[in-house]
Amino acid sequence: MMRGRSDGAQKKRLFTSVAVVAVFVVVLYLYFGSKNNGESALEYGSRSLRKLGSSYLGGDDDSDLSSKQDEKFGLEDGEDGIVPKSFPVCDDRHSELIPCLDRHLIYQMRLKLDLTLMEHYERHCPLPERRYNCLIPPPAGYKVPIKWPRSRDEVWKANIPHTHLAHEKSDQNWMVEKGEKIIFPGGGTHFHYGADKYIASIANMLNFPNNNLNNGGRVRTVFDVGCGVASFGGYLLSSDIIAMSLAPNDVHQNQIQFALERGIPAYLGVLGTKRLPYPSRSFEFAHCSRCRIDWLQRGGILLLELDRVLRPGGYFAYSSPEAYAQDEEDLRIWREMSALVERMCWKIAEKRNQTVIWVKPLNNDCYMERPAGTQPPLCRSDDDPDAVWGVNMEPCITPYSDHDHKVGGSGLAPWPARLTTPPPRLADFGYSSDMFEKDMELWQRRVEHYWNLLSPKISSDTMRNIMDMKANLGSFAAALKDKDVWVMNVVSKDGPNTLKIVYDRGLIGTTHDWCEAFSTYPRTYDLLHAWNVFSDIEKKGCSGEDLLLEIDRIVRPSGFVIFRDKQHVIDFVKKYLPALHWEAVADSTSDQDQEGDELVFIIQKKLWLSSESIRDAE
């Protein structure tokens, strides 16, 4: 009896000691953790929201996937179904956060990257447990953006409060600070006197009619690498040419942000080690004006990547000191580059002043005639030139398909006929012309229905930058052809790679995985169209809450999101409206083209400002 009481007392004392030590450790962790991590708005994820979505937990394995799907984004009863009344607001210093292009994250993760290969400018996404799950605040004084077409030439300085480029490029007419606005005179490093004159001079070099670079609709999609603030692409729009303007988040880190604020198509990316997120044979014309790219590195691999995305007979306009060889080093680079492109079967179309324009062959004849062992080699027959998501660049030449070789080109109709003409590459997916036309008709009706629902809230100039988060064949964008808008068509990395059909139709877009953040600045799109996107990521076990926060990051204040999805997804979105400061605009069940249990729900993002707390600006 005595021994029993003594053992019980010892156990009690042991338990008490362990509890005291545990409390002490927790206190130390909380104290030093808060010192290390800073204010809660700066943390990677609010601890209080860890229960929200499966991806916040991290380390999920496939065995839990089916149970997550049954939970339907945590909408079932129980602990996982808790919906917050509000999300925390990120620190003001994160007002321009791009999660997968965050240099602070790269530094904190101590990633070993090769800076000479530009790996630090490529995508590096945070692990689920290190994601922010807070709302990105707009900068102080943020205003609804200036409407297109005025926005091409001026934006509110408060929306992008960075004037270093105006001072750094003051002699090149990139941009000028003027009162509350930033003005864009249309200049560039190589075209101080205006992009319009420069574009006309390039068309003149190629003897295109009326000095118009569209060449009767034969040049429609252009790739501008190292684009600056995208004035080149902005001035092409008046010629019915759409450019994908590309630049990294480098020392000129806000250039793409300015481009998108102006309403000019643009994308954050770099020619580094991974393939560009575009299919083969996407562009009729590529352009590099003082883009500071070493085209000779690694056996010319970057030039070979440019070759992959150019169409048969496509052009590359290169404006750089090497093109007119001012000194010994320039002469060396020019000789080596000329030898490289000759082995790639490119020919000089014209060389004048400081610009050279090369043209790509129309068929495979030149490749077949090269002496054995010529470098760079042709790509292997099993290499898929359209596989791009996370795929390394290959130092090889991509030959044309049998179809393109036989017809001596891509066989595409001139713009605008190509928008509605079934392209030859439809056959790659087993799609018929009839299926293509029915898809167009379907989305034409759906878009008309969307606009009827939106009509009480919008006018003719409300929209400019639009994203179709699941573009399929691009028919949503095609249905908007009479609107003064442009569409970033996003095709999933997991589904049919229909992005090449999008480009063949004279539209632009990119490949993406919506389980990750998109490569763009916050507040860059006026409208997002989410057709079954949530249902798709649900099947993959990704977090719906993460995607809601990403959508909120991308869409502009007072912008819109169209959700077209199943009932439980719409219910899920509705539950988060207060926490996201969104308001419902339309809830439609009368769409005659609904498939199965698809519903349409439209929200508008409210304009709010933050300084450690949220206050309405309305």
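Computed from a predicted model, the values in this text were never measured in an experiment.

Some remarks on the overall build of the protein chain
Counting its regular elements, the protein chain contains 19 helices and 19 strands. Counting only residues that meet the buried cut, the protein chain has 56% of its 618 residues in that class. Here the protein chain displays about 27,100 Å² of accessible surface, and carbon together with sulfur accounts for 52% of that area.

Remarks on the pattern of salt bridges
Tallying each qualifying case throughout the model produces 33 salt bridges. For Arg 425, the salt bridge is made with Asp 504, and the minimal N-O distance between the two is 2.9 Å. Taken as a pair, Arg 425 in the loop between α12 (402–407) and α13 (433–454) and Asp 504 in helix α15 (residues 499–504) lie far apart in primary sequence, 79 residues in all. The same class applies to Arg 425 and to Asp 504, which are both buried. When salt bridges with common partners are traced through the structure, they connect Glu 284, Arg 311, Arg 418, Arg 425 and Asp 504 into a single cluster.

Things to note about the sheet that holds strand β10 (residues 355–359)
Pairing in this open sheet of seven strands is mixed, and the strands run β6-β5-β4-β7-β8-β10-β9 from one edge to the other. The two strands at the open ends of the sheet, each matched to only one other strand, are β6 (266–268) and β9 (347–352). Each strand axis lies, on average, 20 degrees off the axis of its neighbour in the sheet, ignoring direction. Contacting β5 (242–247) and β6, helix α8 (residues 255–262) runs over the sheet at an angle of about 150 degrees to β6.

Quick look at the side chain of Arg 308
Within the secondary structure layout, Arg 308 lies in helix α9 (residues 297–309). Of the polar contacts made by the side chain of Arg 308, one reaches the backbone oxygen of Pro 385; its length is 2.7 Å. Discounting chain neighbours no more than four positions away, the residues touching Arg 308 are Arg 275, Leu 276, Tyr 278, Pro 279, Ser 280, Arg 281, Pro 385, Val 388 and Thr 398.

A closer look at the side chain of Thr 221
Examined against the element boundaries, Thr 221 turns out to sit in strand β4 (residues 221–225). On the basis of relative accessibility, which here comes to 0%, the residue Thr 221 falls in the buried class. One polar contact links the side chain of Thr 221 to the main-chain carbonyl oxygen of Ser 282, over a distance of 2.9 Å. When near neighbours in sequence (up to four residues on either side) are disregarded, Thr 221 contacts Ile 242, Ser 282, Phe 283, Glu 284, Phe 285, Arg 311, Tyr 503, Gly 506, Leu 507 and Ile 508.

Quick word on the packing of aromatic side chains
Aromatic ring pairs are reported here in terms of the distance separating the ring centres and the angle at which the planes meet. Across all of its chains, the model carries 29 aromatic pairs by this definition. Residues Phe 316 and Trp 346 carry aromatic rings whose centres are separated by 6.0 Å and whose planes lie at 65 degrees to one another, so their mutual orientation is edge-to-face. Separated by 30 residues along the polypeptide, Phe 316 in strand β8 (residues 310–319) and Trp 346 in the loop between α10 (328–343) and β9 bring together distant segments of the chain. Overall, the relative accessible area of 4% leaves Trp 346 in the buried class. Members of the aromatic cluster, joined through ring pairs, are Phe 87, Phe 534, Phe 563, Phe 572, Tyr 576 and Trp 582. A cation over an aromatic ring shows up here: Arg 220 above the ring of Trp 415, its NZ or CZ 3.5 Å from the ring centre. A cation sits over an aromatic face here: Arg 446 above Trp 443, 4.7 Å from the ring centre.

A few points about the pairing of β9
Summarising the sheet, β9 and β10 pair through five bridges and their orientation is antiparallel. Bridge pairing links Lys 347 to Val 359 in β10. Hairpin geometry of β9 and β10 is characterised by an intervening segment of two residues between the two adjacent antiparallel strands and by a positive phi of about 55 degrees at Asn 353.

A few points about the confidence of the model for the protein chain
Per-residue confidence for the protein chain gives a mean pLDDT of 86, with 83% of residues at or over 70. Low pLDDT, under 50, characterises residues 25–71; the stretch is placed with 79 contacts to residues that sit more than four places away or in other chains.

Some points on the nonpolar core
In terms of nonpolar packing, the biggest core is built from 123 residues, with Tyr 278, Trp 295, Leu 303, Phe 316, Trp 451, Trp 514 and Phe 563 touching the most fellow members. For this core, the element with the most residues is α13, which contributes seven residues. Setting aside its immediate chain neighbours within four residues, Trp 514 contacts Met 467, Met 469, Val 490, Val 533, Ile 537, Leu 547, Glu 550 and Ile 554. Counting 21 residues, the second largest nonpolar core, distinct from the first, contains Tyr 198, Leu 206, Phe 208 and Val 222.

Considerations on the pairing of β4
Among the five residues of β4, five are classified as buried, and the element is accordingly described as predominantly covered. Here β4 shows no split at all, with Thr 221, Phe 223 and Val 225 on one side and Val 222 and Asp 224 on the other all buried. Taken together, the five bridges between β4 and β5 define a ladder with parallel strand orientation. By the bridge assignment for β5, Val 222 is matched with Ala 243. At this point the chain moves from β4, through helix α7 (residues 231–236), to the parallel β5, and the crossover so formed is right-handed.

Considerations on helix α18 (residues 567–575)
All buried positions along α18 are accounted for by His 568, Val 569, Ile 570, Phe 572 and Val 573. On its buried face, α18 is in contact with α16 (533–539), α17 (544–554), β15 (555–565), α19 (577–580), β16 (582–588) and β17 (599–605).

Some remarks on the sheet that holds strand β1 (residues 154–156)
One open sheet holds the three strands; their spatial order is β1-β3-β2, and the pairing between them is antiparallel. The strands lining the two open edges of the sheet, one partner per strand, are β1 and β2 (176–178). The sheet shows a mean angle of 30 degrees between the axes of neighbouring strands, direction not considered. Pairing analysis gives three bridges linking β2 to strand β3 (residues 181–183), with the strands arranged antiparallel. Bridge pairing links Lys 178 to Lys 181 in β3.

Digging into the environment of Asn 465
In this structure, Asn 465 sits in strand β11 (residues 465–468). Between the alpha carbons of Asn 465 and Glu 261 there is a distance of 8.9 Å; along the sequence they are 204 residues apart. For Asn 465, the contacting residues outside a window of four places in its chain are Leu 260, Gly 263, Trp 486, Thr 524, Tyr 525, Asp 526, Leu 527 and Arg 556. In terms of polar contacts, Asn 465 uses its side chain to reach the backbone carbonyl oxygen of Thr 524, at 2.9 Å.

Thoughts on the packing of α9 against α10
Taken N-terminus to C-terminus, the directions of α9 and α10 make an angle of 60 degrees; their axes are 11 Å apart at the nearest point. It follows that α9 is oblique to α10 by the angle criterion. Here α9 and α10 pass one another in a crossing that is right-handed. On the side of α9, the interface is formed by Gly 299, Gly 300 and Leu 303, while α10 contributes Met 337, Leu 340 and Val 341. For the contact of α9 with α10, the per-class residue count stands at four nonpolar, two polar and no charged.

Let's talk about the state of the cysteines
For the structure shown, the criterion picks out six disulfides. Paired through a disulfide, Cys 379 and Cys 396 show a sulfur-sulfur distance of 2.1 Å. Between Cys 379 and Cys 396 the disulfide shows an S-S torsion of about 90 degrees. By sign, it is right-handed. With a gap of 17 residues between them, Cys 379 in the loop between α11 (365–369) and α12 and Cys 396 in the loop between α11 and α12 connect regions that are remote in the sequence.

Calculation notes
- Residues numbered from 1 in each chain as written.
- Predicted model: local features only at pLDDT ≥ 70, side-chain atom pairs only at ≥ 80, totals over all residues.
- Heavy atoms only, no water.
- Helix = DSSP H or I, 4+ residues; strand = E, 2+ residues; numbered from the N terminus.
- Buried < 20%, exposed > 50% of the residue type's maximum accessible area, 1.4 Å probe, protein only.
- Areas by Shrake-Rupley, 256 points an atom, 1.4 Å probe, with all protein chains shown as cover.
- Salt bridge = Lys/Arg side-chain N within 4 Å of Asp/Glu carboxyl O.
- Pairing = 2+ DSSP bridges.
- Axes fitted to C-alpha atoms, helices over the stretch in contact; angles between N-to-C directions.
- Contact = heavy atoms within 4.5 Å.
- Polar contact = N/O pair within 3.5 Å; in protein donor to acceptor, adjacent residues only side chain to side chain.
- Phe/Tyr/Trp six-rings, centres within 6.5 Å; stacked < 30°, edge-to-face > 60°.
- Lys NZ or Arg CZ within 6 Å of the ring centre and 35° of its normal.
- pLDDT = per-residue confidence, 0-100.
- Core = buried A, V, L, I, M, F, W, Y, C linked by side-chain atoms within 4.5 Å.
- Right-handed = clockwise from strand over helix to strand, strands pointing away.
- Parallel < 35°, antiparallel > 145°, perpendicular 65-115°, else oblique.
- Left-handed = near helix turned anticlockwise from the far one by under 90°.
- Nonpolar A, V, L, I, M, F, W, Y, C, P; charged D, E, K, R; others polar.
- Disulfide = S-S within 2.5 Å.

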